[in-house]
Amino acid sequence: MIDFDNTLFSIDVAGGMPAPGALLVAEPFLREQYFAHAVICLIDYKPAAEAMGIVMNRTTAYTLQGLLSGITAETEIPVFCGGPMSCDRLYFMHTLGNDIIPDSKEITQGLFIGGDFDSMTAYINSGYPTEGRMRFFIGYSGWSPHQLDDELHNKVWAVTDIRSPQTLLQGSEDAYWHKAVRRMGQRFKGWQYHPLNPHAN
């Protein structure tokens, strides 16, 4: 007999440890506007201190060409919503490293944030691909001291690792969350049965 209550409603939490480059996967019942079915890449984290992350899978109606006058690439480049803080600032994550984008900050091996703006613009305007290599965000997600630790204790997030920087910068929205949940294994199979919009069922 299938234990439906355990399969559908049990909330498990991955055994990973929060650290720069780790992923926070929202538990399926989290309905907050920015974080429902969100996958967040941690940028800065220390226990009991402030933390910073970027929501990886929330699309917007913006394009890079619509936000920056110096972008001449023909292919429209989407801009994602990184979180509710500093929504007047543009951030970018990439796999290109300091050889191509000087002054980048390495978050974890092979994954970088920021860097020289002119070098980024030159890369884009030269027509090089961005999918799986570079992604742009408005705003970021932040936590005050102890806040993220409390949320982890309350099982708001599951913590997992990045399988590859390239796949981190591919895909979007609910399918992105479901893919992250599948990678966490059988312990989280029940999460798959909870749609982003329960009224759609």
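Calculation criteria
Along each chain, the written sequence defines residue order, and numbers are assigned to residues from 1. Local features in this predicted model are restricted to residues of pLDDT 70 or higher, and side-chain atom pairs are both shown and tallied only at a pLDDT of 80 or more, whereas totals for entire chains, interfaces and linings draw on every residue. Hydrogens and water molecules were not included; the side-chain quantities draw on all heavy atoms of the structure. Secondary structure is summarised from DSSP: a helix means a run of H or I of at least four residues, a strand means a run of E of at least two, and numbering begins at the N terminus for each. Relative accessibility decides the category of a residue: with a 1.4 Å probe and only protein chains considered, values under 20% of the type maximum give buried, values over 50% give exposed, and everything between is partly exposed. In this description, contact between two residues means that some pair of their heavy atoms is separated by no more than 4.5 Å. Per-residue and other accessible areas were derived by the Shrake-Rupley procedure at a 1.4 Å probe size, with only the shown protein chains allowed to occlude residues. In plain words, nonpolar cores are sets of buried Ala, Val, Leu, Ile, Met, Phe, Trp, Tyr and Cys residues tied together by side-chain atoms within 4.5 Å. The rule is short: rings of Phe, Tyr and Trp, with Trp giving its six-membered ring, pair when the centres are within 6.5 Å, and they are stacked under 30 degrees, edge-to-face over 60, tilted in between. Placement of a charge over a ring requires the Lys NZ or Arg CZ to be within 6 Å of the ring centre, with the centre-to-atom vector within 35 degrees of the ring normal. The predictor reports its confidence for every residue as pLDDT, a score running from 0 up to 100. In this analysis, strands are considered paired if DSSP registers two or more bridges between them. N or O atoms closer than or at 3.5 Å make up a polar contact, with two conditions inside protein: a donor-capable atom paired with an acceptor-capable one, and, for residues adjacent in sequence, both atoms drawn from side chains.

Asks: Mind showing me how you'd approach the overall build of the protein chain here?
Replies: When helices and strands are counted, the protein chain shows 7 helices and 10 strands. With 201 residues in all, the protein chain has 46% of them scored as buried. In the protein chain, the share of contacts with a sequence separation of at least 24, taken over all contacts with a separation of at least 6, comes to 63%. Here the protein chain displays about 10,400 Å² of accessible surface, and carbon together with sulfur accounts for 52% of that area.

Asks: Sorry if this is basic, but what is going on with the nonpolar core here?
Replies: If you look at soluble globular proteins, the nonpolar side chains tend to sit buried side by side. Ranked by internal contacts, the top residues of the largest apolar core, which has 44 residues, are Leu24, Cys41, Met56, Met93, Leu148, Trp157 and Leu168. If you tally residues by element for this core, the top one is strand 2 (residues 39–44), at 5 residues. With sequence-adjacent residues up to four places away left out, Met56 is seen in contact with Val39, Cys41, Phe80, Met93, Arg135, Phe137, Leu168, Leu169 and Tyr176.

Asks: What is the right way to read the packing of aromatic side chains from this model?
Replies: For any two aromatic rings, the description comes down to two numbers: the centre-to-centre distance and the angle of the planes. If you walk through the whole model with that rule in mind, you get 9 aromatic pairs. Relative to Tyr128, the ring of Tyr123 has its centre 5.1 Å away and its plane inclined at 25 degrees; by these criteria the two rings are stacked. A residue is classified by how much of its surface remains accessible, and Tyr128, at 48% relative accessible area, is partly exposed. Taking the ring centre of Phe80 as reference, the NZ or CZ of Arg135 above it sits at 3.9 Å.

Asks: Can you walk me through helix 7 (residues 173–183) in this structure?
Replies: Each full turn of the α-helix corresponds to 3.6 residues, which orients residues three or four apart in the same direction. Residues of helix 7 that are buried include every one of Tyr176, Trp177, His178, Ala180 and Val181, and no others. Contacts made by the buried residues of helix 7 are with strand 1 (23–26), strand 2, strand 9 (134–143) and helix 6 (165–168). The positive-phi residue at the C-terminal boundary of helix 7 is Gly185, with phi of around 100 degrees.

Asks: Even after reading the chapter, I still don't get the confidence of the model for the protein chain, so can you show me in this structure?
Replies: Residues shown with low pLDDT carry predicted positions that ought not to be read at fine detail. Mean pLDDT for the protein chain: 90, with 89% of residues reaching 70 or above. Long-range and interchain partners of residues 1–11, a stretch whose pLDDT sits below 50, account for 17 contacts in this model, where long-range means more than four residues apart.

Asks: Can you help me understand the pairing of strand 6 (residues 85–94) in this one?
Replies: Note on strand geometry: in a regular strand, side chains alternate between the two faces of the sheet. Pairing between strand 6 and strand 9: 6 bridges, direction antiparallel. Its bridge partner lying in strand 9, His94 is registered against Met134. Here 2 bridges tie strand 6 to strand 8 (residues 111–113), and the two strands are oriented antiparallel to one another. Pairing of His94 across the sheet is with Phe112, part of strand 8.

Asks: So what exactly am I meant to see when it comes to the side chain of Asn57 here?
Replies: Following the sequence through the fold, Asn57 ends up in the loop between strand 3 (51–55) and strand 4 (59–63). A distance of 2.9 Å separates the side chain of Asn57 from the backbone oxygen of His37, its partner in a polar contact.

Asks: I keep staring at helix 4 (residues 117–125) and nothing clicks. Help me out?
Replies: Looking only at helix 4, the buried set comprises Ser119, Met120, Thr121, Tyr123 and Ile124. Contacts made by the buried residues of helix 4 are with helix 2 (64–67), strand 6, helix 3 (97–100) and strand 9. Phi for Gly127, located one or two positions after helix 4, is positive at around 85 degrees.

Asks: Sorry, what's going on with unusual backbone geometry here?
Replies: Residues apart from glycine generally show negative phi values, whereas peptide bonds are mostly found in trans. The phi dihedral of Lys155 is positive, around 65 degrees, even though this residue is not glycine. Within the secondary structure layout, Lys155 lies in the loop between helix 5 (147–153) and strand 10 (157–160). The exposure class of Lys155 is partly exposed, given its relative accessible area of 44%.

Asks: Would you take a moment to explain the environment of Ile54 for this structure?
Replies: With respect to the helices, strands and loops of the structure, Ile54 is situated in strand 3. Put simply, Ile54 and Pro84 are 30 residues apart on the chain and 9.9 Å apart in space, counted from C-alpha to C-alpha. Apart from the residues within four sequence positions on either side, Ile54 is in contact with Val39, Ile40, Cys41, Ile43, Gly82, Met93, Phe137, Gly139 and Tyr140.

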